[in-house]
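# Inside the fold
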Amino acid sequence: MPPMEEDGYKLWLRYAPPGDEIKNYRKTLRQIRVSGTSATAGVLREELGRAMATLLGTSVPSNDQVTQDGTLVVGTPANSTLIRDLNWEMDLSAIGDQGFIIRSVAIENHPVTVIAANTDIGTLYGTFHFLRLLQTGQPINRLDITERPALQLRLMNHWDNPDGTIERGYAGRSLWQWDELPDKLSPRYADYARACASIGINGAVINNVNADPRMLATDHLRKVAALAAVWRPYGVRMYLCANFAAPVHLGGLATADPLDKNVVDWWKAKADEIYGLIPDFGGFLVKANSEGQPGPKTYGRTHADGANLLADALAPHQGNIIWRAFVYDEDVDPDRAKRAYIEFTKLDGQFRSNVAIQVKNGAIDFQPREPFHPLFGAMKQTPVFAEIQATQEYLGQAKHLVYLGTLWQEFLESDTCAKGAGSTVSKVLAGEMQPGQLTGMVSVTNPGLDTNWCGHHFSQANWYAFGRLAWNPQLPAEKIAEEWTRMTFTNAAQTVRVIRGMMMGSRETYVNYTMPLGLHHMIGGNHYAPQPWNDRAPRPDWTAVYYHKASAEGIGYDRTKQGDRAVEQYFPPICKMFDDLKRCPEMYLLWFHRCAWDYRMKSGNLLWDELCLKYGEGVKQAAELQRIWQSLAGKIDARRHQEVADRLAIQVADATKWREQILAYFGGFSKRPVPKPS
Ligand code: GCU
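Summary of the structure given here. Every value quoted in this text rests on a predicted model; they were computed, and no experiment measured them. Each residue is numbered by its place in its chain's sequence as written, counting from 1. A pLDDT threshold of at least 70 governs which residues receive local features in this predicted model, and a stricter bar of 80 or more applies before side-chain atom pairs are shown or counted, although totals over entire chains, interfaces and linings include all residues. Side-chain metrics rest on all non-hydrogen atoms present in the structure, leaving aside hydrogens and water.

The next subject is the overall build of the protein chain. Regarding its fold elements, the protein chain presents 21 helices and 15 strands. Computation of the radius of gyration draws on C-alpha atoms, with the globule rule given as 2.2 Å multiplied by the number of residues to the power 0.38. Relative to the compact-globule value of 26 Å for 678 residues, the protein chain shows a C-alpha radius of gyration of 26 Å, a close match. Seen through its principal axes, the protein chain has C-alpha atoms that stretch 80 × 65 × 50 Å. For the protein chain, with 678 residues in total, the buried portion stands at 61%. Contacts are residue-level and defined by heavy atoms, with any inter-residue pair within 4.5 Å sufficient. Intrachain contacts of the protein chain at a sequence separation of at least 6 include 72% that bridge at least 24 residues. What sets the accessible areas is the Shrake-Rupley method with a 1.4 Å probe; for residues, cover comes only from the shown protein chains. Just so you have it, the protein chain exposes about 24800 Å², and 51% of that area is on carbon and sulfur atoms. Helix and strand definitions here come from DSSP, where helices need a minimum of 4 consecutive H or I residues and strands a minimum of 2 consecutive E residues; each element is numbered from the N-terminal end. Accessibility here uses a 1.4 Å probe with only protein chains present; expressed as a share of the type maximum, an area under 20% marks a residue as buried, one over 50% as exposed, and anything in between as partly exposed.

Moving on, we come to the packing of helix H14 (residues 460-471) against helix H15 (residues 477-488). Note on geometry: axes are lines fitted to C-alpha atoms, helical ones only across the stretch in contact, with angles between N-to-C directions running from 0 to 180 degrees. It is at 10 Å that the axes of H14 and H15 come closest, and there the two elements cross at 130°. Compared by their axis directions, H14 and H15 come out oblique. Seen from above, H14 lies across H15 with right-handed handedness. Contacts from Gln460, Ala461, Tyr464, Ala465, Arg468 and Leu469 in H14 reach Ile480, Glu483, Trp484, Met487 and Thr488 in H15. In terms of residue class, the contact of H14 with H15 is built from seven nonpolar, two polar and two charged. Any angle between 65 and 115 degrees counts as roughly perpendicular, while under 35 counts as roughly parallel, over 145 as roughly antiparallel, and the rest as oblique. Crossing handedness: left-handed means the near helix sits turned counterclockwise from the far one by under a right angle, and right-handed means the same turn made clockwise. Under the scheme applied, nonpolar residues are Ala, Val, Leu, Ile, Met, Phe, Trp, Tyr, Cys and Pro; charged residues are Asp, Glu, Lys and Arg; polar residues are all the others, including Gly.

Another point: the site of the ligand. By convention in these notes, a residue is near a molecule or strand provided one of its non-hydrogen atoms lies within 4 Å of it. The full set close to the ligand counts 13 residues, and Glu167, Lys287, Arg324, Lys360 and Glu393 are the nearest of them. One of the side-chain nitrogen or oxygen atoms of Glu167 is found 2.4 Å away from an oxygen atom of the ligand. At 2.7 Å, a side-chain N or O of Arg324 approaches an oxygen atom of the ligand. Surface burial for the ligand is 96%, taken as the share of its 320 Å² of free accessible area covered by protein chains. Of the residues assigned to the shell around the ligand, the class counts are three nonpolar, two polar and eight charged. In protein, a polar contact requires one atom able to donate a hydrogen and another able to accept it; more generally it is a pair of N or O atoms within 3.5 Å, and residues adjacent in sequence count only if both atoms are side-chain atoms.

Right, let's talk about the nonpolar core for a bit. In these notes, a set of buried Ala, Val, Leu, Ile, Met, Phe, Trp, Tyr and Cys residues joined through side-chain atoms within 4.5 Å is what counts as a nonpolar core. Core analysis: the largest hydrophobic core is formed by 208 residues, its most contacted members being Trp231 and Trp463. The greatest single-element share of this core, amounting to ten residues, is contributed by helix H21 (residues 638-670). Ignoring any residue separated from it by four or fewer positions in sequence, one finds Trp231 in contact with Trp176, Tyr189, Tyr192, Ala193, Ala204, Ile206, Val236 and Met238. Counting twelve residues, the second-largest nonpolar core is a separate cluster that includes Val73, Leu86, Leu92 and Val114.

Turning our attention to the sheet that holds strand E2 (residues 71-75). Strands qualify as paired when DSSP identifies two bridges or more between them. Pairing in this open sheet of five strands is mixed, and the strands run E1-E2-E4-E3-E5 from one edge to the other. With one partner strand each, in any of the chains shown, strand E1 (31-34) and strand E5 (144-147) form the two edges of the open sheet. The average undirected angle you get between the axes of adjacent strands in this sheet is 20°. Bridge count between E2 and strand E4 (residues 110-116): five bridges; the pairing is parallel. Across the sheet, the residue bridging to Leu72 is Thr113, located in E4.

Moving on, we come to the environment of Gln642. Within the secondary structure layout, Gln642 lies in helix H21. Residues Gln642 and Arg468 lie 174 residues apart in sequence; the distance between their C-alpha atoms is 28 Å. Engagement of the side chain of Gln642 in a polar contact is seen with the side chain of Asp646, the distance being 2.8 Å.

An expected span of 1.5 Å times one less than the residue number is assigned to each helix. The terminal C-alpha atoms of helix H5 (residues 120-135), which comprises 16 residues, lie 22 Å apart, in line with the 22 Å expected from a rise of 1.5 Å per residue. H5 sits mainly inside the fold: 16 of its 16 residues count as buried. One or two positions beyond H5, positive phi appears at Gly137, with a value near 75°.

What follows concerns the pairing of E1. In E1, alternate side chains face the same way, and those of Gln31 and Arg33 on one face and Ile32 and Val34 on the other are all buried. The sheet contact formed by E1 and E2 spans four bridges and is parallel. Pairing of Arg33 across the sheet is with Val73, part of E2. We call a crossover right-handed when, viewed with both strands directed away from the observer, the connection leading from the first strand over the helix to the second proceeds clockwise. Assessed by its sense of winding, the connection that carries the chain from E1 through helix H2 (residues 39-56) to E2 is left-handed.

Turning to the side chain of Arg33, a few remarks are in order. Mapping Arg33 onto the fold places it in strand E1. Buried charge without a salt bridge: Arg33, with Asp64 as the nearest opposite-charge side chain at an N-O distance of 5.9 Å. When residues no more than four places from it in sequence are discounted, the contact partners of Arg33 are Asn63, Asp64, Gln65, Val66, Thr67, Thr71, Leu72, Val73, Val74 and Leu82. A residue counts as positive if it is Lys or Arg and as negative if it is Asp or Glu; His and the chain ends are not included. Here, a salt bridge means any Lys or Arg side-chain nitrogen found within 4 Å of an Asp or Glu carboxyl oxygen.

This part is about unusual backbone geometry. With an omega of 5°, the peptide bond between Leu181 and Pro182 qualifies as cis. With respect to the helices, strands and loops of the structure, Pro182 is situated in the loop between strand E6 (153-157) and helix H6 (187-198). Residue Gln397 is not a glycine yet carries a positive backbone phi of 50°. Counting through the fold element by element, Gln397 comes out in the loop between strand E12 (384-389) and helix H12 (405-413). Positive phi values are uncommon outside glycine, yet Leu517 reaches one of about 55°.

Stacked, tilted and edge-to-face pairs are distinguished by plane angle, under 30 degrees for stacked and over 60 for edge-to-face with tilted covering the rest, among Phe, Tyr and Trp rings (Trp via its six-membered ring) whose centres lie within 6.5 Å. In this structure the tally under the stated criterion is 37 aromatic pairs. Each ring, one from Phe281 and one from Phe284, has its centre 5.6 Å from the other, and the planes form 70°; the classification is edge-to-face. Comparing Phe281 with Phe284 shows no difference in burial state: the two are buried. Aromatic pair Phe458 and Trp484: ring centres 5.5 Å apart, planes at 50°, arrangement tilted.

To continue, consider the state of the cysteines. Working definition of a disulfide: a covalent bond connecting the sulfur atoms of two cysteines. In this description, the term disulfide denotes a pair of cysteine sulfurs within 2.5 Å. Summed over the entire model, instances satisfying the criterion amount to zero disulfides. Here Cys612 is not cross-linked by a disulfide; its sulfur's nearest cysteine counterpart is in Cys595, at 15 Å.

Attention shifts here to the pattern of salt bridges. With the rule as written, the count across this model stands at 40 salt bridges. Taken together, the shared-partner salt bridges connect Glu6, Arg14, Asp637 and Arg640 into one network.

So, on to the packing of H6 against helix H7 (residues 218-231). How two helices pack is summed up by the angle between their axes together with the distance between the axes. Where H6 meets H7, the axes come as close as 9 Å, and the angle between the chain directions of the two elements is 50°. In terms of orientation, H6 and H7 fall into the oblique class. Note on packing geometry: the crossing formed by H6 with H7 is right-handed. For the pair H6 and H7, contact is made by Tyr189, Ala190, Tyr192 and Ala193 and by Leu227, Val230 and Trp231, respectively. Looking at the contact of H6 with H7 residue by residue, the class counts come to seven nonpolar, no polar and no charged.

Spelled out as structure tokens, the structure:
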């Protein structure tokens, strides 16, 4: 029988029967015993009930009084004497308030499975982890798992506007129905929070970084509070992007100068108002003095003055300020890639303790490939969060199949050498270089009102991968791809292998047919189609020619010590490697070096020929993705299979267009023929 049609709404929480292990699961899971009376415990009970019924094909009774063989015991020492009597104090003290322990043990001579944590949210995370084991067909009779998240704040950032549009959103309009809130609550709000909780996401910034000041108006805050109340049982805290000039726009003040007493008072009163409505409000994310947004520099003050103003307003309520380092004023340096580092390293030490600086993974802007941003490891006293982008603004925009787990793994594994070799970005983020600091990771995220949430069925994997990596930045992208595939599509081993393979190669494929060898920003307008000729924009660093600098002599941006010295922003071993033409990884070649068209690559090919081959390879790989997906017809339900196939057709056509247009354009400079593919 072909699989039943699915529309993708259920994401990775389909709870489809897990295959052969089901026999063992039915033996190991005979009764559920969940302690606790909180709303979170309620959510957990409901989740387990729903999951067991569909996973095992039979309902598993709840009995909160009796333990027998095959009981699943869930609780905290505070709400369960059973858990208390296990005497796991030592182990529990090591997992904080969000971690969990899952163990197969005997209680009163009954073999049981225990999910224990210090808080109800911890037990909810443990439950979702346990359900993931079932969904992916893992054995569950000898479990001994201890987990705690590596990062404290694991946040979604929706670039959603109050009018329902989404900046760089490719999956329909905004999930938040402002016209209906606060009275009417769409069921999607809870479904969303549940999906977030299932992968450990514990907060969401619900509006665009280009923030509309009206988001902070009282009538709007009431709507926000209603949304926050739906999410609370799932441990998803509310955050907002604040417009720095809100005191002017909303408060009618003459200035938003951070040192002005009226401005200080306005923000304090606004913070009190917000916390009156949303007691567990997480804080503000701020884009200031960037791309036309107002900020402290508008008033002759620094980013630290601006961040501290808001930090002081939120501090009495334990709120945090996340201040974006995506700033690139032209007067700082001619090279956009250098500007944020120059501005922010100067301010290190001047920020309040509840301020973190949020840095995009690379120094330009979510390109298909960038070397890691030099600010990682460079701030000694200020917490740095990573900002990554799940919505595929520059990576095919929910039309192309591009799994970003590999991109993020490459970034997280990058060695900053900040404190000697091995100081990877993931360690910097986890606070291993500065113990005790605030830690976090934020994803510019992709769900919208489309039935399947993310536009492309495979784009769901990028939401999923973000959550898993924010929980554990060292998780291999391949493991995440496998988990997701099993939960989203099937547990059939061969099909899983095929899909996992498609996902793992997909980002490199995209790089190959768009911007290989360190090329970047060869787009215009909507950031989708090739526009290497783009030389007109409101600012030079929004053009393509600013970055590739192609001429008859060669191509690439010289950021070496002989060039504009951007490499010097990296720690010495990394600086030396990027600076040295022979040692610089070729995937970053034209990011750091300007090379002649006949520069000899490691493969022995001339640069021009290599470039042509890369584009050719990309087109072939895209066609291969399409071919492989066709081979899965009948193995995946017809609707999702067809919807993915339709997008793959677009992807193959686009890949061809990229190759043709880029090579025709650069060929005009290199004056060399395109070599035949081998
Ligand atoms: C990119 C994106 C903008 C966005 C900006 C940001 O430039 O194209 O839409 O506002 O990033 O991150 O602030």
